[in-house]
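# Secondary and tertiary structure notes
Take a look at the letters that make up each chain.
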Amino acid sequence: MEKNTNEHITPDMFEFAQKDTFLHDEKLKTKARGYFADALLRFKKNKSSVVAAWIIGFLILFAIFSPIISPYSVNDKDVVYTNYPPYIPSIAEKNIGMFDGSYTLNSQNELQLASLRAIGQETGMDPVIEILETYETHQKFRGQDRVTYSYRVKVNSYFMEGVRTMVLSYEEYEKIQQFQNETGIQVLYPVVEKADIYVKAKDTSTATDNPNIWYQCEDLKGTPLLDADGNFIPAYSSNPDKTYGEYHSQRIASDPGTYIYNIAKSGSVQVRLCYYNYYIYKNGHEPSYVMGTDIMGRDLFCAIGTGARFSLIFAVVVSAINLTLGAIYGAIQGYYGGTIDMVLDRISDVLSGVPFIVVATLFQLHLAQKVGVLVSFLFAFVMTGWIGMAALTRKQFYRFKGQEYVLAAKTLGASDKRLMFKHIFPNSLGTIITSCVLVIPGVISSETSLTYLGIVNLSSVVGTCIGELMSQGQAAMTTSPHAMLFPSLFVSLLLISFNLFGNGLRDAFNPSTRGTEG
Amino acid sequence: MVKYALKRFALMLMTLFIITAICFVLIRLLPPVQLPLGDPHTEVVEARREALGYNRPILVQFGLYLKAIFTRGDWGISDKLYLGQDVLKLFISKLPATMLVNLYSIIFSIPIGIALGVFAALKKNTWIDHAISTLTMVVISVPSFVYAFLLQYFLSYKISLFPFLMKGGTDYFSWSMFVSMLPAVMSLSFGSIAGFTRTTRAELTEVLTSEFMLLARTKGLTKRQATVRHAFKNCMVVIVPAIFGSFVGILGGSFIIEKIFSVPGVGSLYINSINGRDYPLFMMLTVFYTTIGLASGIVVDISYGFIDPRIRMGSKK
């Protein structure tokens, strides 16, 4: 009988099989690369998408910082400087043709040119930047050859406003005088009266009330009456009976000390003030609009930033909600299949059949007064937005649910929920992430269209939005194209780069589909 | 095939019915528009409202609404914007402008789009292809009102080539009308040209790499023959349904473009009816737009089956 050697095995009888030998398999020299790192690597190779990502980053920074940088807020409106071109005083001084608030006036006659000169002479801020062209017209008038000149002039539209007539309360008037004493900026100018201007006319009641005429005129058309040296003759009023209160501030250079600076109106005073300087008095700084102003006199730079903030946040929120809803819906559809799939499919079919504009309108009509414009707008986007995502998830689920590993997990007793969200869902994550990036520009585009058409009016909730700015810009397109140009530039850049970025991301996550679509 | 088409059509009718019912209920739940006092049409509209059962349960109202449509073709009368006018007649009077503008746009864009797409696909992965593809991407992304602005500013304002807005009147086929439509047509065309280019390029590049192309070349066809006879034919399977789809779409038109160029079309009528709260008009146009959307989907799907016998419609995948 053989002795059973297995009976008394003590631990010291064990010994390592490979104590002194080496394993000859080479170690992996590279790091293991995950799914996302792999995708990122592929993404980086796609130059246009990387550029697009940078542009998106820049536009997001713009949206965050432009309302902070801008000296204005969205609610700062100016009644005079509306739809004015871009202007930054410090750059305008250098005269390099940018940010100079310039506007080209076509066919100005000599009279109009003279009045521009007069504004410059009175306020010390010459609106004429450059005379671009001079046209000579020969005309036969009563048998004589007459030459008339007309000009194409580049003017600073901020200076061109010149002097305005305004009615102020007496306290305001006092405050402005104080401001003048402190800063030495001349806001108030001596008042004029028609009788002093139109010295040759018998009846001045038909003359225009142009506050910028401060010189004597030959006729009611406003032809200036010049002295021997060719200078304007001031027509400032020195009538002390008309004025109210004492003027105890600086006077203009040519003032002998008798000019009056207001005309008494019942309870208030009517003054002539240089609007540019009055603006400094009101806002504490010179007008400075990087992108000009919009139709309500808001800083476009700030307004676009505010609208952009809204668009971006809104698009991200909408995509996040739609993504979640659609993923759950599609997961249920795809996982269970059969009758459930069919019924749910009919529901999404019906919903997707309704044109989006109808959904948005009905939500506005029914819910806007109860839950607010913004929330009902959000609901409208959520109402039909998830359908695409659901279809996508459903397709992915059909693809993966029959695979062996799912069957294995099922055999091990995993619940439906666990199977759906732990085993199948992560496989479709890449597709879902990329389509989310492609959903964002879609949301921004429809949001802009609806606000552009005025179907949804968000200005009371979020200040302003890009679509609204664009439709206002469209209205004044010929005179101030910048009001349309900057918002549309922003939207176009944003949409282009989001689409390029999304496409790059899709190619990176699903290399097999590369190049098949745009 | 016919069975499938019929099934799809029946499903579409069902969907349409449900959507109409939901929209109808939602609209009738809103308080009806106040009618101007003393207007001669007010009495008419009041009487019509009474006949339409405004004071009865909503389901009865819906029944009456459907009955009027099916028995008399009566979609109601406008009670705000065009007080007292028949909604259907209004709609029909607006249809030609919309259809013409969209028709011209499609006629322009189909050949250009397909040509560009074919060109890009044949020059695949060269700079020409990259340029066309990127440009397509850019053009598709930019919203149409930006084109409208650029065209209006540069062509209509700066060089005065076109009138600012579309000409009024009903002489739809006169030359001056055609010229005045062009800015709107062009703004619409950018997007659809890019769309056709993208589809054609994607489809043709895929077909060009398939095995039967290799076979065609091996049996002695020139590259040109192979491309035209085999590749292009196969690529049409996708393009032709898209063309059919856009022909159905010409009825719909674009809201924004019609508004900007003041095209007296259905789109601007719809926008006006929304902003002016003209519910009967809104209701009718909603049904119209829903029908168009559903119909173009069906036309696209069914035309696949007609064009390519290999595709069996309605069979399980």
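Here the structure is a predicted model, which is why all the values come from computation and not from measurement.

## Focus on the overall build of chain A
Assigned secondary structure in chain A consists of 18 helices and seven strands. Buried residues in chain A amount to 47% of all 518 residues. Residue pairs at least 24 apart in sequence account for 69% of intrachain contacts in chain A once pairs closer than 6 positions are excluded. A total of about 27,100 Å² of accessible surface is found on chain A, and carbon and sulfur atoms cover 58% of it.

## Details of the overall build of chain B
The helix and strand tally for chain B stands at twelve helices and zero strands. Shown N-terminal to C-terminal, the secondary structure of chain B runs as helices and strands in the order α-α-α-α-α-α-α-α-α-α-α-α. In terms of its C-alpha atoms, chain B occupies a principal-axis envelope of roughly 80 × 55 × 30 Å. Per-residue burial over chain B gives 49% buried out of 317 residues. Sequence separation of at least 24 residues holds for 71% of the intrachain contacts in chain B that already meet a minimum separation of 6. For chain B, the accessible area works out to roughly 15,900 Å², and carbon and sulfur atoms hold 68% of it.

## Remarks on the packing of aromatic side chains
Residues and elements named next belong to chain A. Enumeration over the complete set of coordinates arrives at 50 aromatic pairs over all chains. Arranged with centres 5.1 Å apart and planes meeting at 85°, the rings of Tyr335 and Tyr336 form a pair that is edge-to-face. In this arrangement the basic side chain of Arg164 is found over the ring face of Tyr275, its NZ or CZ atom lying 6.0 Å from the centre.

## Thoughts on the state of the cysteines
Disulfide: a covalent bond connecting the sulfur atoms of a pair of cysteines. All names here are of chain A. Enumeration according to the criterion identifies zero disulfides over all chains in this entry. You can see Cys274 has no disulfide; the closest cysteine sulfur is in Cys217, sitting 19 Å from it. A disulfide-free cysteine, Cys302 has its sulfur positioned 14 Å from the sulfur of Cys465, the nearest such atom.

## Focus on the interface of chain A and chain B
Many authors give the size of an interface as the accessible area that is lost as the parts come together. On the chain B side, the residues contacting the 37 residues of chain A number 41 residues. Approximately 3,500 Å² of surface area, both sides summed, lies buried where chain A meets chain B, with 77% of it carried by carbon and sulfur atoms. On the surface where chain A and chain B come into contact, there are zero salt bridges. At the junction of chain A and chain B, the tally comes to four residue pairs in polar contact (both at pLDDT 80 or more). Looking at the side of chain A that touches chain B, the elements that each hand over two or more residues are helix 10 (338–353), helix 11 (356–371), helix 15 (429–453), helix 17 (466–475) and helix 18 (482–509) of chain A. Take the side of chain A that touches chain B: its biggest share by element is ten residues, from helix 18 of chain A. Considered class by class, the residues forming the side of chain A that touches chain B number 19 nonpolar, 15 polar and three charged.

## Let's talk about the pairing of strand 2 (residues 128–141) of chain A
Residue and element names in this part refer to chain A. Examined bridge by bridge, strand 2 and strand 3 (residues 144–156) share twelve bridges and lie antiparallel to one another. Opposite Lys140, over in strand 3, you have Asp145 as the bridge partner. Where strand 2 folds back on strand 3, the antiparallel hairpin that results is connected by two residues, among which Arg142 adopts a positive phi of roughly 50°.

## Structural notes on the nonpolar core
Among the nonpolar cores identified, the biggest contains 125 residues, and Ile357 and Phe490 of chain A together with Met181, Tyr270 and Leu285 of chain B are the most heavily contacted of them. The element contributing the most residues to this core is helix 18 of chain A, with 13 residues. Grouped together as the second largest cluster of nonpolar side chains are 45 residues, Ala207, Ile252, Tyr275 and Tyr281 of chain A included.

## Brief notes about a nonpolar patch on the surface
There is a patch of nonpolar side chains on the surface, built from Ile60, Leu61, Ile64, Phe65, Ile68 and Ile69 of chain A and spanning about 560 Å² of accessible area. Tracing the chain through its elements places Ile68 of chain A in helix 2 (residues 47–69).

## Notes on the domain arrangement of chain B
Residues and elements named next belong to chain B. Split by domain assignment, chain B resolves into domain 1 (2–87) and domain 2 (89–307). Of note, the centres of domain 1 and domain 2, computed from C-alpha atoms alone, are 32 Å apart. At the interface, 26 residues of domain 1 touch 26 residues of domain 2. Measuring nitrogen to oxygen at the nearest pair gives 2.6 Å for the salt bridge that ties Arg8 to Asp301. Across the side of domain 1 that touches domain 2, the residue classes break down as 18 nonpolar, four polar and four charged.

## Let's talk about the sheet that holds strand 3 of chain A
All names here are of chain A. Within the open sheet, the three strands sit side by side as 1-3-2. Their pairing is antiparallel. Looking along the sheet, the strands with just one partner apiece sit at the ends: strand 1 (102–109) and strand 2. With strand direction ignored, the average angle separating the axes of adjacent strands in the sheet is 15°. Relative to strand 3, strand 1 runs antiparallel, the two being bridged by six bridges.

## Some words on the pairing of strand 7 (residues 268–274) of chain A
Residue and element names in this part refer to chain A. Counting buried positions along strand 7 gives seven out of seven residues, so the element sits mostly inside the fold. The alternating pattern of strand 7 places Ser268, Gln270, Arg272 and Cys274 on one face and Val269, Val271 and Leu273 on the opposite face, and all of these are buried. One ladder, built from seven bridges, connects strand 4 (residues 163–169) with strand 7; its direction is antiparallel. When the bridges of strand 7 are listed, Val167 appears paired with Gln270. With two bridges joining them, strand 5 (residues 188–189) and strand 7 adopt antiparallel strand pairing. Each bridged residue has a counterpart across the sheet, and for Leu188 the counterpart in strand 7 is Leu273. Relative to strand 7, strand 6 (residues 263–265) is paired through three bridges, and the arrangement is antiparallel. The residue bridging Ala264 from the neighbouring strand is Val269, located in strand 7. Where strand 6 folds back on strand 7, the antiparallel hairpin that results is connected by two residues, among which Gly267 adopts a positive phi of roughly 80°.

Rules of the game
- Residues numbered from 1 in each chain as written.
- Chains lettered and ligands numbered in written order.
- Predicted model: local features only at pLDDT ≥ 70, side-chain atom pairs only at ≥ 80, totals over all residues.
- Heavy atoms only, no water.
- Helix = DSSP H or I, 4+ residues; strand = E, 2+ residues; numbered from the N terminus.
- Buried < 20%, exposed > 50% of the residue type's maximum accessible area, 1.4 Å probe, protein only.
- Contact = heavy atoms within 4.5 Å.
- Areas by Shrake-Rupley, 256 points an atom, 1.4 Å probe, with all protein chains shown as cover.
- Phe/Tyr/Trp six-rings, centres within 6.5 Å; stacked < 30°, edge-to-face > 60°.
- Lys NZ or Arg CZ within 6 Å of the ring centre and 35° of its normal.
- Disulfide = S-S within 2.5 Å.
- Buried area = accessible area lost by both parts, 1.4 Å probe.
- Salt bridge = Lys/Arg side-chain N within 4 Å of Asp/Glu carboxyl O.
- Polar contact = N/O pair within 3.5 Å; in protein donor to acceptor, adjacent residues only side chain to side chain.
- Nonpolar A, V, L, I, M, F, W, Y, C, P; charged D, E, K, R; others polar.
- Pairing = 2+ DSSP bridges.
- Core = buried A, V, L, I, M, F, W, Y, C linked by side-chain atoms within 4.5 Å.
- Patch = residues over 30% accessible without salt bridge, like charges linked within 9 Å, V, L, I, M, F, W, Y side chains within 5 Å.
- Domains from an automatic or database assignment.
- Axes fitted to C-alpha atoms, helices over the stretch in contact; angles between N-to-C directions.

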